[in-house]
Amino acid sequence: DNRVTHPFLEIEEPQRGQDENDWNISMDVFDRFCFASITIDCCSQHVRGVMLSPGFVKAFHGADPPANIKVTDPGHLGHLTIEWSQPSSLQNLTDCTVSYQLSFYDTYARRWKSVRTLRLSYAAQFDLEKPVQVRMLTLIKGACTNGTEILGEEVKFEHTPEHTGIPGSRIRGFHCIYFNKEHMDCTWEQGSVTPSSSKHYLYYWHREMQEAEECPKYIPSLEVRKGCRFPPHTLLEFSEFNVCVNGSSTAGPLSPAYFSLEVQNHVKPAIVSNLQVVVEGSVVQAHWEAPAGRVPEQCLEYELETTRQLIDGRVWKCTNKTEEMSSDFLWEGKVGRSCFQVRSKVNGYCADEGFWSDWSQSKCIPDTGVNDNPGCHVLVLLGTLAIVIIVVLVFFLILWMFKKMWMNRKEQILYPLYQEKVQQAVSPLFISVFQ
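Residues numbered from 1 in each chain as written. Predicted model: local features only at pLDDT ≥ 70, side-chain atom pairs only at ≥ 80, totals over all residues. Heavy atoms only, no water.

A.B. asks: I'm lost on unusual backbone geometry in this one. Help?
C.D. replies: Glycine aside, the phi torsion of most residues is negative, and most peptide linkages are trans. One non-glycine residue, Asn146, lies in the positive phi region at around 55 degrees. With respect to the helices and strands, the residue Asn146 is situated in the loop between β11 (132-142) and β12 (150-151). Taking the relative accessible area as the measure of exposure, Asn146 reaches 47% and is therefore partly exposed. Positive phi is not limited to glycine here, since Lys181 has a value of about 60 degrees. Looking at the secondary structure, you find Lys181 in the loop between β14 (172-179) and β15 (183-189). (Helix = DSSP H or I, 4+ residues; strand = E, 2+ residues; numbered from the N terminus. Buried < 20%, exposed > 50% of the residue type's maximum accessible area, 1.4 Å probe, protein only.)

See the structure below:
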């Protein structure tokens, strides 16, 4: 017979002599995990049999999108709640499951993210300084669709936040470092426009907090707030840590700045301790200890830098990354002098990124007895200067003491002579009076 057969729909072909433009069918059949999208645009079509439930007939024309979409701000500095309601046309649908596909643009990751949910709300992270972009559609699946998933029409929602504050007063150079997991310092610089009497305020929030709180301890610089110090109990790893820095001035409010970070990605370990370099025959073994502190040893990777001063005066450097706390090298004593230093960073098992620690003290072979660490050179210089100052002070003190002793001795010699002269002058007078 003259029929086009579809698993869910039987449509009769036009009879000979009919205008083939009377109807048009476009059908895209995806694999068993997708759906069949069928669109009919016709003036006189002949549908002889429809093997669909009433719910699927509605889905055939496209499921209505979610209704009453809105975005609310609970005061979590960018962690917004998206809410919606079920389409009125699907309120009485009982033999199918209604779910929703939500897509939103993550301005921090600079890409779209999608999620499917049965609920009527979803919380996501947004940058409150940039537009909030959301896309949604309805999905239907169940007995009413013979097990096929039907996607409805997509709707878009966009909200552009209003920029407030004095133009140019937004802070710059916001930067956070979690020092050895002992405290985290977030610092910033003032904006290009800094009204008089400007004062900045920092607020933060993470998912275990009911509401945003102000900075526990500000970092001052010349009586101006330039940062905030967070103790460990105020931080939460593997969670959005949202920050807002705003401010006030005599000219009006300062422009707010919003940031979202993950604390574990900002760790800077302490300096690696106890670096030792041992030469055994033609092999050099460098070994060290993990830095003391709250960063677990298994979360650290190391970078060992070798600097060789060749006999001809050239300097050669190389670095070697390892997760071990030792490294071996072949040693040729005739190449000159070699110096080693090491630093550490949180590895990829415990964080996505992090900061390298400062370099350890340098150890050299052959050992000349002089520490090549620039910090030690500074200490030696300061120590030498202190010794010179002390010697000069002692010298002047000795001179002062000699001067004092000389003055006392001089007084002891001159005073008796003075008394003798006085007696010689006064005695004749008394003798003449009494006579």
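A.B. asks: When you look at a nonpolar patch on the surface in this model, what are you seeing that I'm missing?
C.D. replies: On the surface, a nonpolar cluster with roughly 470 Å² of combined accessible area is contributed by Val388, Val392, Phe395, Phe396 and Leu399. Here Val392 lies in helix α2 (residues 374-434). (Patch = residues over 30% accessible without salt bridge, like charges linked within 9 Å, V, L, I, M, F, W, Y side chains within 5 Å. Areas by Shrake-Rupley, 256 points an atom, 1.4 Å probe, with all protein chains shown as cover. Salt bridge = Lys/Arg side-chain N within 4 Å of Asp/Glu carboxyl O.)

A.B. asks: Would you mind going over the environment of Trp288 with me for this structure?
C.D. replies: As for its placement among the helices and strands, Trp288 is situated in strand β24 (residues 283-289). Measuring from C-alpha to C-alpha, the distance between Trp288 and Asn274 comes to 5.4 Å, with 14 residues separating the pair along the chain. Leave out the neighbours within four places in its chain, and Trp288 touches Val272, Ser273, Asn274, Leu275, Tyr302, Leu304, Thr322, Glu324, Met325, Ser326, Ser327 and Val342. (Contact = heavy atoms within 4.5 Å.)

A.B. asks: For this particular structure, what's the right way to read the nonpolar core?
C.D. replies: Counting residues in hydrophobic clusters, the biggest one holds 65 residues, and the most contacted among them are Phe174, Met184, Leu202, Phe230 and Phe241. Of the residues forming this core, the biggest block, 5 residues, is contributed by strand β8 (residues 96-106). Apart from the residues lying within four places of it in its own chain, the contact partners of Phe241 are Met184, Tyr204, Trp205, His206, Phe230, Thr234, Leu235, Phe259, Ser260, Leu261 and Val263. (Core = buried A, V, L, I, M, F, W, Y, C linked by side-chain atoms within 4.5 Å.)

A.B. asks: Explain the pattern of salt bridges here, please?
C.D. replies: For side chains bearing opposite charge, pairing can occur when the charged atoms are close. Under the counting rule described, the total for this entry stands at 8 salt bridges. Across the salt bridge formed by Lys268 and Asp358, the nearest N and O atoms sit 3.3 Å from each other. Taken as a pair, Lys268 in strand β22 (residues 267-268) and Asp358 in the loop between β28 (336-346) and β29 (363-365) lie far apart in primary sequence, 90 residues in all. A relative accessible area of 42% means that Asp358 is categorised as partly exposed.

A.B. asks: I would appreciate a short explanation of the packing of aromatic side chains in the present structure.
C.D. replies: Between two aromatic rings, the relevant description is the distance of the centres plus the angle of the planes. Enumeration over the complete set of coordinates arrives at 11 aromatic pairs. Ring geometry for Tyr105 versus Trp112: centroids 5.6 Å apart, planes at 65 degrees, classification edge-to-face. Overall, Tyr105 belongs to the partly exposed group, its relative accessible area being 23%. Under the relative-accessibility criterion, Trp112 is labelled partly exposed at 31%. Between Phe395 and Phe396 the ring centres are 5.8 Å apart and the planes differ by 75 degrees, which places this aromatic pair in the edge-to-face class. Residue classification places Phe395 among the partly exposed residues on the basis of a relative accessible area of 48%. For Phe396, a relative accessible area of 51% translates into the label exposed. Taken together, the ring pairs connect Phe104, Tyr122 and Phe126 into an aromatic cluster. (Phe/Tyr/Trp six-rings, centres within 6.5 Å; stacked < 30°, edge-to-face > 60°.)

No statement about biological role is implied by the geometric values presented.
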